[in-house]
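In case you want the letters, here they are:
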Amino acid sequence: MKNTLAIYAIGLVLLLSACSDQETTTAIPYQAVKEVFGTKIDPSNLPNYASQSIPNYIRKDNTGTNPITNEKAILGRVLFYDKSLSIDNTVSCASCHQQAFGFSDPTLASQGVQGGQTTRHSMRLINTRFAVEPKFFWDERAATLEAQVTTPIQDHAEMGFSGQNGRPNLNTLLTKLGGLDYYKELFQLAYGSPEVTERRIQESLANFIRSIQSFDSKYDLGRAQVGNDGAPFPNFTAQENLGKQLFLTPPVFDGTGTRINGGAGCQGCHQAPEFDIDPNSRNNGVIRPLAQGAGLELAITRSPTLRDAVNATGGSNGAFMHSGVFTSLQNVVGHYNNIPAQAGNNNLDARLNPGGNVQKLNLTGAEINAIVAFIQTLSGKDVYTNEKWGSPFN
């Protein structure tokens, strides 16, 4: 009897000890995510990226085979703001695409790793999902947003994983990220396994970027009250409605390319209500590169949406065009008002070159100011401050 009791007691002690060990070693769900991001990311209560409200007059969507999910978008948000994606942990995607400036950069050329710089001005990333043009970069060298997002990471000057001149390649980055516990948890959350691959990085970054949308502008408030863009908007001033009419109405030219009637025809390339770029566009006459002496850039045919070209108070989100050659919307409209003839530009868009003559719109000062006033109505407020598009890092 005593032996039986002794054996029972020993077994009970071992059982309690095992239970105690199990309790102390049980992993806290998403422990690394909580340690790194605190309350900024709650995996059990993610922000709404997948089912955001979109106006019924917005019809374009280039999501394709990579639909937005909250899990992929939150992973993409972390990747977007993580300086670990550069070789020396100094540069992230957000270094060049800053939320406070419409996901562009107020500086002319963005700073890369170890003294490197971008060769073109940082493009705004708002409403990329709603562009009919699926290609990305100013020269459209990336066929999709997914193809675009890992290119800066592998650029020698930008984020540095180029595999050139002794620098590591993208495989080194995959291993680096795979060794970080918060990525193990976030990839598990998004994909069901912690494996880090280029395709998964591409999908999740594209998810996050496509989620960045802006539809709370004065334009949207007016558009919701009328049947079409051509109708006067009841919430617009007379100047803004005039600017809208000039924007939408094509010009009528004489035989020398000079406007004799009609509007400015901005709609021909930047189509309302998304105000993205027509994929058939050629260059707009801005063919000088950011770096002087680098030759002509004739293949610059893409543009970001005109939405949020300036912030909600009318301040610039950075310089305009790929070379940052213009510092104000007045400068931009002035360029289209009288495009200079330039030797060697055999790729000027035909809409800017009527009858083989570069266009001269002959807009008055009042008309230029009206078009600028209208473009300013395209800017929202929420996109600049909403935490779900802000940095998750403490």
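Residues numbered from 1 in each chain as written. Predicted model: local features only at pLDDT ≥ 70, side-chain atom pairs only at ≥ 80, totals over all residues. Heavy atoms only, no water.

Colleague: Hey, could you run me through the nonpolar core in this one?
Modeller: Among soluble globular proteins, nonpolar side chains are generally buried collectively. Phe80, Phe103 and Tyr183 are the most contacted members of the largest nonpolar core, which totals 51 residues. Sorting the residues of this core by element identifies helix 2 (31-37), helix 3 (70-81), helix 4 (93-96), helix 5 (145-149), helix 6 (170-178), helix 7 (181-191) and helix 8 (198-211) as the ones contributing at least two each. Here Tyr183 is in contact with Leu75, Val78, Leu79, Asp82, Leu85, Leu177 and Gln188, once residues within four sequence places are set aside. Counting residues in each nonpolar core, the second largest holds 18 residues, with Ala264, Val310, Phe320 and Ala370 among its members. (Core = buried A, V, L, I, M, F, W, Y, C linked by side-chain atoms within 4.5 Å. Buried < 20%, exposed > 50% of the residue type's maximum accessible area, 1.4 Å probe, protein only. Helix = DSSP H or I, 4+ residues; strand = E, 2+ residues; numbered from the N terminus. Contact = heavy atoms within 4.5 Å.)

Colleague: Teacher, can you tell me more about the confidence of the model for the protein here?
Modeller: Do not read the fine detail of predicted coordinates wherever pLDDT is low. Averaged over every residue, the pLDDT of the protein is 93; residues scoring 70 or more account for 93%. Counted against residues more than four places away or in other chains, residues 1-25, with its pLDDT under 50, gives 0 contacts. (pLDDT = per-residue confidence, 0-100.)

Colleague: Even after reading the chapter, I still don't get the packing of aromatic side chains, so can you show me in this structure?
Modeller: In the structure shown here, the tally under the stated rule is 19 aromatic pairs. With a centroid separation of 5.3 Å and 70 degrees between ring planes, the pair formed by Phe80 and Tyr81 is classed as edge-to-face. Ring geometry for Tyr219 versus Phe233: centroids 5.5 Å apart, planes at 45 degrees, classification tilted. With Tyr219 in helix 9 (residues 218-223) and Phe233 in the loop between helix 9 and helix 10 (238-248), this residue pair connects regions lying 14 residues apart in the sequence. Take Tyr219 and Phe233: they sit in the same class, and that class is buried. An aromatic cluster is defined as three or more aromatic residues linked by ring pairs; in this entry it consists of Phe37, Tyr182, Tyr183, Phe187, Tyr191 and Phe393. Geometry around Phe137 places Arg141 over its ring, the cationic atom sitting 3.7 Å from the centre. Above the plane of the ring of Phe136 lies Arg302, whose end atom (NZ or CZ) is 4.5 Å from the centre. (Phe/Tyr/Trp six-rings, centres within 6.5 Å; stacked < 30°, edge-to-face > 60°. Lys NZ or Arg CZ within 6 Å of the ring centre and 35° of its normal.)

Colleague: Teacher, can you tell me more about the layout of surface pockets here?
Modeller: Over the atoms, a rolling probe the size of a water molecule traces out where space has been left empty. In this structure, the second largest pocket spans a volume of roughly 510 Å³. If you trace the second largest pocket, you find 26 residues lining it, with His97, Phe137, Gln148, Pro152 and Glu158 closest to the centre. Breaking the lining of the second largest pocket down by element, the ones donating at least two residues are helix 4, helix 5 and helix 8. Looking at which element gives the most residues to the lining of the second largest pocket, the answer is helix 5, with 3 residues. Looking at side-chain class alone, the lining of the second largest pocket contains 14 nonpolar, 8 polar and 4 charged residues. (1 Å grid on protein atoms, 1.4 Å probe; cavity = no way out; pocket = protein on both sides within 12 Å on 5 of 7 lines; lining within 4 Å. Points joined across faces, edges and corners; volume = space filled by probe spheres on them. Nonpolar A, V, L, I, M, F, W, Y, C, P; charged D, E, K, R; others polar.)

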